[in-house]
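Each chain is listed here by its residues.
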Amino acid sequence: MKYKKLYWILVLWICSMVNSFANNTFLEKNIPQIIEELNAEINKTKNYYNTLYIDLNYKIFNASKKLKKTSNIKKQIILIIKKGELNEQLKELKLREQSDISKIRYLKGLQIIKILYEKTLSLDYHFATVSTFNEINKISNPNHYPEFSKLKEQLNINRDNKKGFNLTSILGKNIYTSVIHSFIALFVNNNFSKREKEDSLKKIECILDFTLRMHNDLNTIYFETAFLQGNNNNIIKDIERLFVNYTKPIEYETALKECRNNDDWDSIKDKLNVYIERLNATIANSEKQFKAQKMIINLKFSIDRLLQFIAKYNMFIDQSAKFYEKFAIMLNSYENDKQCASKIPLSYIKLKENIDISIDKFNTAYKPIEINGSKMKEVLYGINEYD
């Protein structure tokens, strides 16, 4: 009895773990998987309709063959009418195929939009956390290092009132005026022996060397990261506008942000199903098939908008990756990192690690989407380069 109870506890625990993994965002489908599924579903649909086309074309061929052979007017009229009906069926069948394929592409496109939106939101968080101005300022300004601040205090206490002077609060925080003032104060101060001056200088030499060499580079990294974050905000706005235009034909009016926050994706599918039902009803009416073609074009145009956005997203990711590769070169350019290893702040080392991780992410998690290949054109547009 005891072991049976343990068995069921273990089963329940395994089930809960399975559910946990199933809901894990890391197990969410990626874009290449979606493209593979899209390709498979479209091929399946095409194969289904090809079977119907073969049967219908065979009937049209037989009707044409009989029409050529018979000289009976009555039979000719019957065959002409039958052939016309078969051609109408063929026309309707082609529209139904386009309708089914458009639905598949639309749903897969929606999945791609959902993933890209998550990527851009993740990038926004990423740019915001890689480095902040306060953190960069602490690393690049010697005034934030205890050793330098302590020396300044000693110099201020022991300064020669006839020769020495204090900097204003603004200039005192400036890296260059602060360093120059401290050097002058140290060397003109007669209260310090030569040995004490040399020892004081040794204590801060790595700090001054590091901050003076890396100050501009670190600030460049901060400002260019802020620039990339601004561009990413524009990308987020673009995908939100894309979503509005993408869902407009099916009359879904909720914004992308609200849709994501409320997990309202199923409502879009319901709206699409209503749209497809209306489309199929229109296809069945031979007098309204022009309207049906227009409804199909609306879905195709939505996919076209998505492709245009993907091209823009790819350019941004390529640009960001190049920026971060440049950041890595800049951060690795400090020449005295070995001699001054004990004095270099941990936040600088952490920043270097974050930049390396970021480069890897741009090549994996945020990787550009290949849209120029023949396969992508085929699955999204139904265009085969060998047709």
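Just so you know, these numbers come straight off a predicted model, no measurement behind them.

Regarding the overall build of the protein chain
Thought 1: Helices and strands together make up the secondary structure of the protein chain, namely 13 helices and 0 strands.
Thought 2: Going from the N terminus to the C terminus, the protein chain shows its helices and strands as α-α-α-α-α-α-α-α-α-α-α-α-α.
Thought 3: Considering only intrachain contacts with a sequence separation of at least 6, the fraction spanning at least 24 residues in the protein chain is 78%.
Thought 4: Looking at the protein chain as shown, the accessible area adds up to about 23,900 Å², and 55% of this sits on carbon and sulfur atoms.

So, the packing of helix α11 (residues 289-331) against helix α12 (residues 346-363)
Thought 1: At a closest axis distance of 9 Å, the pairing of α11 and α12 adopts a crossing angle of 150°. The pairing of α11 with α12 is recorded here as roughly antiparallel in orientation. Once α11 is placed against α12, the crossing between them reads as left-handed. Counted together, I317, S320, A321, Y324, E325, F327, A328 and L331 of α11 and Y348, L351, K352, I355, D356, S358, I359 and F362 of α12 form the full contact between these two elements.
Thought 2: Tallied by class, the residues present in the contact of α11 with α12 amount to 11 nonpolar, 2 polar and 3 charged.

As for the packing of aromatic side chains
Thought 1: Taken as a whole, this structure holds 16 aromatic pairs when the rule is applied.
Thought 2: Ring geometry for Y222 against F223: centres 4.9 Å apart, planes inclined by 70°, an arrangement best described as edge-to-face.
Thought 3: Ring centres of F243 and W265 lie 6.2 Å apart, and the angle between their planes is 80°; on these two criteria the pair is classed as edge-to-face. A residue pair is termed long-range when its members are at least 10 positions apart, and F243 in helix α8 (residues 194-247) and W265 in helix α10 (residues 265-284) qualify at 22 residues.

Here's the deal with a nonpolar patch on the surface
Thought 1: On the surface, Y176, I180, I184 and L212 cluster together to form a nonpolar patch covering roughly 360 Å² of accessible area.
Thought 2: Counting residues per element, the nonpolar patch draws most heavily on helix α7 (residues 175-188), which supplies 3 residues.

A closer look at unusual backbone geometry
Thought 1: Phi is positive for E251, which is not a glycine, with a value near 65°.
Thought 2: Tracing the backbone through its elements, the reader meets E251 in the loop between α8 and α9 (256-261).
Thought 3: Of note, the phi angle at D263 is positive, near 50°, even though the residue is not glycine.
Thought 4: Relative to the elements of secondary structure, D263 occurs in the loop between α9 and α10.

Overview of the nonpolar core
Thought 1: Core analysis: the biggest nonpolar cluster contains 78 residues, and L116, F243, Y324 and Y348 have the highest contact counts within it.
Thought 2: Of all the elements, α11 adds the most residues to this core, at 19 residues.
Thought 3: Formed by 8 residues, the second largest nonpolar core is a distinct cluster that contains Y49, Y53, L56 and I60.

Overview of the state of the cysteines
Thought 1: Tallying each qualifying case throughout the model produces 1 disulfide.
Thought 2: Between C206 and C340 runs a disulfide, and the two sulfur atoms are separated by 2.1 Å. Taking the sign of the S-S torsion, -75° for the link of C206 and C340, the bridge is left-handed. Of this pair, C206 sits in helix α8 while C340 sits in the loop between α11 and α12, placing them 134 residues apart in sequence. C340 matches C206 in its accessibility class, with the two residues each being buried.

Remarks on the confidence of the model for the protein chain
Thought 1: This prediction gives the protein chain a mean pLDDT of 80; 80% of its residues lie at or above 70.
Thought 2: Confidence, expressed as mean pLDDT per element, reaches its minimum in the protein chain at helix α1 (residues 2-22) with 39 and its maximum at α9 with 95.
Thought 3: When the criterion is pLDDT under 50, residues 1-27 qualifies, and its contacts beyond four places in sequence or with other chains add up to 2 contacts.

Section: the environment of P345
Thought 1: Tracing the sequence through the fold places P345 in the loop between α11 and α12.
Thought 2: With 205 residues separating them along the chain, P345 and S140 place their C-alpha atoms 9.8 Å apart.

Focus on the packing of α8 against α11
Thought 1: Between α8 and α11, whose axes approach to 11 Å, the crossing angle comes to 170°. When the axis of α8 is compared with that of α11, the two are roughly antiparallel.

Here we look at the pattern of salt bridges
Thought 1: Counted by the stated rule, this structure contains 13 salt bridges.
Thought 2: With a shortest N-O distance of 3.3 Å, E41 and K108 are connected by a salt bridge. With E41 in helix α2 (residues 31-69) and K108 in helix α3 (residues 73-130), this residue pair connects regions lying 67 residues apart in the sequence.
Thought 3: Residue E41 is classed as partly exposed on the basis of its relative accessible area, which comes to 33%.
Thought 4: Accessibility expressed as a relative area gives 7% for K108, which makes it buried.
Thought 5: The closest approach of N and O atoms between D209 and R213, which form a salt bridge, is 2.7 Å. Here the residue D209 and the residue R213 both occupy positions in helix α8, the gap between them amounting to 4 residues, near one helical turn.
Thought 6: Members of the salt-bridge network, linked through shared partners, are E37, E41 and K108.

With respect to α10
Thought 1: For α10, built from 20 residues, the straight-helix expectation of 28 Å at 1.5 Å per residue is met to within 8% by its first-to-last C-alpha distance of 29 Å.
Thought 2: Burial in α10 covers these residues: W265, I268, L272, Y275, I276, L279, T282 and I283. Buried residues in α10, looked at end-on, bunch into an arc of 115°, giving them a common side. Exposed residues lying more than 90 degrees from the buried face of α10 are D266 and E277.

Reading guide: rules and limits
By convention here, each chain's residues receive numbers from 1 onward along its written sequence. Where local features are concerned, this predicted model is filtered to residues with pLDDT of at least 70; where side-chain atom pairs are given and counted, the filter is 80 or more; whole-chain, interface and lining totals use all residues. Water and hydrogen atoms were dropped before computing side-chain values, which therefore reflect all heavy atoms in the structure. Helix and strand definitions follow DSSP, with helices as H or I runs of at least four residues and strands as E runs of at least two, each counted in order from the N terminus. Contacts were defined at the residue level, with two residues in contact if any of their heavy atoms lie within 4.5 Å. Per-residue accessibility takes into account occlusion by the displayed protein chains alone, with areas from the Shrake-Rupley method and a 1.4 Å probe. All axes are obtained by fitting lines to C-alpha atoms, using only the stretch in contact for helices, and the reported angles, taken between N-to-C directions, cover 0 to 180 degrees. If an angle is under 35 degrees, it is roughly parallel; if it is over 145, roughly antiparallel; if it lies from 65 to 115, roughly perpendicular; otherwise it is oblique. Crossing handedness follows the turn of the near helix against the far one: under a right angle anticlockwise gives a left-handed crossing, and clockwise gives a right-handed one. Note on residue classes: Ala, Val, Leu, Ile, Met, Phe, Trp, Tyr, Cys and Pro are nonpolar, Asp, Glu, Lys and Arg are charged, and everything else, Gly too, is polar. The rule is short: rings of Phe, Tyr and Trp, with Trp giving its six-membered ring, pair when the centres are within 6.5 Å, and they are stacked under 30 degrees, edge-to-face over 60, tilted in between. The patches reported here contain residues having more than 30% relative accessible area and no salt bridge. Joining distances are 9 Å for like charges and 5 Å for nonpolar side chains (Val, Leu, Ile, Met, Phe, Trp, Tyr). For this analysis, a salt bridge means a side-chain nitrogen from Lys or Arg found within 4 Å of a carboxyl oxygen belonging to Asp or Glu. Residues grouped as a nonpolar core are buried Ala, Val, Leu, Ile, Met, Phe, Trp, Tyr and Cys residues, joined through side-chain atoms within 4.5 Å. For the exposure calls, accessible area comes from a 1.4 Å probe over protein chains only, and a residue counts as buried if that area is under 20% of its type's maximum, exposed if over 50%, partly exposed in between. Any pair of cysteine sulfurs within 2.5 Å is marked as a disulfide. Each residue carries a pLDDT value, the predictor's own confidence for that position, ranging from 0 to 100. Expected span, for any helix, means 1.5 Å times one less than how many residues it has. The arc in question is the one spanned by the directions pointing from the helix axis to the C-beta atoms.

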